[in-house]
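# Per-entry structural report
So the chains spell out like this:
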Amino acid sequence: MLKENYNFVEKLLHYLILDNNIVGEFLFDIEKKFFLNNRSVQNNEHIFISGLARSGSTLLLNIIYQDKKFCSLTYKDMPMILGPNIWSKYFGKNVKNSKDQKRAHDDLIKINLNSPEAFEEVFWKLMLKSKYISNDFILDAKISEIDLIQYSNFISLVCSRNNKSNYLSKNNNSIFRIDILLEYFQKSFFIIPYRNPYDHAFSLMHQHQKFSILQKNNQFIKKYMNWLGHYEFGLIHKRFKFEKSDIKFDINTNDYWLHTWIEYYQKILDTFENSEYRNRIILLNYDKLCKYKYDYLGNVLKKINFQNINKSIHITKINKDLEIDYNKKILDKAIQIYDKLNDISNYN
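Now for a description of the structure that goes with this document. Counting starts from 1 at the beginning of each chain's written sequence and moves along it residue by residue. Totals for whole chains, interfaces and linings use all residues, but because this is a predicted model, local features are given only for residues with pLDDT of at least 70 and pairs of side-chain atoms are given and counted only at 80 or more. With hydrogens and water excluded, all non-hydrogen atoms of the structure serve as input to the side-chain values.

## Concerning the nonpolar core
If you look at soluble globular proteins, the nonpolar side chains tend to sit buried side by side. Quick reminder of the rule: Take the buried residues of types Ala, Val, Leu, Ile, Met, Phe, Trp, Tyr and Cys, join any two whose side-chain atoms come within 4.5 Å, and each joined set is a nonpolar core. For each residue, the accessible area found with a 1.4 Å probe, counting protein chains only, is set against the maximum for its type, and the residue is called buried under 20%, exposed over 50%, and partly exposed in between. Segments assigned H or I by DSSP are reported as helices when at least four residues long, segments assigned E as strands when at least two residues long, and all are numbered from the N terminus. The contact criterion used throughout is that any non-hydrogen atoms of two residues lie within 4.5 Å.
The biggest cluster of nonpolar side chains holds 88 residues, and the ones touching the most others in it are Tyr151, Phe154, Tyr224 and Tyr265. Counting residues per element, this core draws most heavily on helix H10 (residues 254-274), which supplies 10 residues. Once residues lying within four places of it in the same chain are set aside, the contact partners of Tyr265 are Gly51, Leu52, Ser55, Ile192, Pro193, Tyr194, His200, Ile337 and Leu341. Membership of the second largest hydrophobic core comes to 27 residues, among which are Phe70, Ile191, Tyr296 and Leu301.

Put into structure tokens, the structure is as follows:
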């Protein structure tokens, strides 16, 4: 969130637009009617970032966004995610730019109204009627040809709003959509950041505790994250439902989050190994990014011809030398998966 305390009018606007599918469908239809042009974006070079929360995906999003080649949804587009051009031309002009401030995650990333963020799940929730979201899980949903065409229209509208040709997305829920999006957008890439499970699981646990308190004390934050499909942690946390999904640990234990890491990245491994599009799936090691910084990043991103790296964003690791009590058997399994990810990433 850009801020924790929205005023009454701001909250009302969010409720009217994001809490009502009829309004969402109407906005998207009006947006397409007046702003959708005949240029196809299907063969443009888009970048889709998807990784388990706290894997460095937001850091990666901000770094790539510095290249003026790409456009993305930003905080300035809220809450009119499905009508970015309408909002920009008729309402957003009066929205004043904000100063940099810390995220609610309390990490080192600073944001303002022009910062990119993961908002596109609003589109998928509308198209798929939220049928892939159960009380406890995020499910794998069948995406039709019509859904893909509409997604291409949505991307085209975001590109039009920013006068760009290439879309940049960060969406942790896209783990189920990797192959189908790469098949449809044949010049695009998926970048999947991963992080050593020892630190990563602890970070997830820490954020879960933090957001549980925030959402308990502020119902609007709970609603806000639900509207955006952000179920990574907190009171509305939902797990990804995989074929062999079975976590028997309490959510308030580190082992629960370590097992969550195992399930997610085992799915990534399976997807990579079985995908005919694996040459357009890039695995990025967050630990190496923090250690070798832009030297490592430049080597990884050569594959997408990304050369204009702006080094103004500070890359560092927050939690160091942690001593965490994990179930040894589970930790060993997680490390095995981490090593396999390193083996197939092929980036030194």
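## Details of the pairing of strand E6 (residues 166-170)
Rule in force here: By this definition, two strands are paired if DSSP reports at least two bridges between them.
Taken across its 5 residues, E6 has 5 buried, putting it largely inside the fold. On E6, burial covers both faces: Asn166, Leu168 and Lys170 on one face and Tyr167 and Ser169 on the other are all buried. Inspection of the sheet shows strand E1 (residues 47-49) paired to E6 by 3 bridges, in the parallel sense. Residue pairing for E6: Ile49 is matched across the bridge by Lys170. One ladder, built from 2 bridges, connects strand E2 (residues 70-71) with E6; its direction is parallel. In the sheet register, Phe70 faces E6, and the bridge partner there is Asn166.

## A short note on the sheet that holds E6
Note the threshold: To get an axis, a line is fitted to the C-alpha atoms, and for a helix only the part in contact is used. The angle between two axes follows their N-to-C directions and goes from 0 to 180 degrees.
Read across the open sheet, the 5 strands follow the order E2-E6-E1-E7-E9; overall the sheet is parallel. Strands at the two margins of the open sheet, each flanked by one partner only, are E2 and strand E9 (281-285). Strands E1, E2 and E6 of the sheet are contacted by helix H6 (residues 145-162), whose axis makes an angle of about 110° with E6. With respect to the sheet, helix H11 (residues 286-301) is in contact with strand E7 (189-194) and E9, its orientation differing from that of E9 by roughly 145°.

## Thoughts on the pairing of E7
In terms of residue burial, E7 counts as a mostly covered element, since 6 of its 6 residues are buried. Both faces of E7 are covered, namely the face carrying Phe189, Ile191 and Pro193 and the face carrying Phe190, Ile192 and Tyr194. Where E1 and E7 come together, 3 bridges link them in parallel fashion. By the bridge assignment, Ile47 is partnered in E7 with Phe189. The pairing of E7 with E9 spans 5 bridges and is classified as parallel. By the bridge assignment, Ile192 is partnered in E9 with Leu283.

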